[in-house]
Amino acid sequence: GNVNAGFSVHAQGDITIEGIVESSLISADGSITLCKGINGNMVGSILAGKDINCKYMENAKIHAGGNVNAGSAVNCEISCYGRISIMMGRGAAIGGSLSAMRGIEAKMIGNKTGRVTVLSIGPTPEFINEKDHAEQELESVKQKLQLLAASAQDGKSAESTKLETAILRMKENVLNKKWGELKKQEEFAFL
């Protein structure tokens, strides 16, 4: 059946929907496949950690951590960290905005009525936010580590300082890894 207006679903894995999605919010940490499509009436959105595959998209907000593959996109805000490919079926992207870090391809972009279709290739606003956030977190952890090192020299209770330092070092490692991955994604964006 169809997913009707006002519906909201989040999955940790992948989602596949057989019917048509109306003004709903569908989000998944994995990939999302809509066997038919979405008409979001400007309030529906699809958010995937990985790829989004969909026959047609109309009046919807779409964001993917991976690629977006569709047959047509009319009046949508699409952004992804991978590629946008609108090559199935008609392969038309009309109106709205398409923003991808690794490229955009479609059989036809825009139409004769002159409805504006905006394309941008490079880091998406979501990516820039994520990168800024990771950078701020990393800075904050480094500052805390410096303060702890300074207080350890003042001879404050060594045990609690050791534990706190160990926890912060683990956090720092995780954030450094995330930061490194984001930097790599950004460099690949322009290849």
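An account of the accompanying structure is given in this report.

Analysis parameters
Counting starts from 1 at the beginning of each chain's written sequence and moves along it residue by residue. A pLDDT threshold of at least 70 governs which residues receive local features in this predicted model, and a stricter bar of 80 or more applies before side-chain atom pairs are shown or counted, although totals over entire chains, interfaces and linings include all residues. Think of the side-chain values as coming from all heavy atoms in the structure, minus any hydrogens and water. Paired rings are identified among Phe, Tyr and Trp, the last through its six-membered ring, by centres lying within 6.5 Å, and are further divided according to the angle between planes into stacked (under 30 degrees), edge-to-face (over 60) and tilted (the rest). Helix and strand assignments follow DSSP, with helices taken as H or I runs no shorter than four residues and strands as E runs no shorter than two, numbered in order from the N terminus. Summary of the burial criterion: residues with accessible area below 20% of their type's maximum are buried, those above 50% are exposed, and those between are partly exposed, where the area comes from a 1.4 Å probe applied to protein chains only.

### Digging into the packing of aromatic side chains
Then, number 1: Per the counting criterion, the structure on display carries one aromatic pair.
Then, number 2: Where Tyr81 meets Phe127, the ring centres are 5.3 Å apart and the plane angle is 90°; that geometry is what we call edge-to-face. Highlighted residues: Tyr81 in the loop between strand 6 (68–80) and strand 7 (84–86) and Phe127 in helix 1 (residues 125–153), separated in sequence by 46 residues. Assigned by exposure class, Tyr81 and Phe127 land together as buried.

### A word on unusual backbone geometry
Then, number 1: Here Asn59, not a glycine, exhibits a phi torsion of approximately 50°, which is positive.
Then, number 2: Assignment of secondary structure puts Asn59 in strand 5 (residues 52–64).
Then, number 3: Here Asn59 falls in the buried class, since its relative accessible area comes to 18%.
Then, number 4: Of note in this structure, Asn75 is not a glycine but carries a positive phi near 60°.
Then, number 5: Tracing the sequence through the fold places Asn75 in strand 6.
Then, number 6: Using a relative accessible area of 28% as the deciding quantity, one classes Asn75 as partly exposed.

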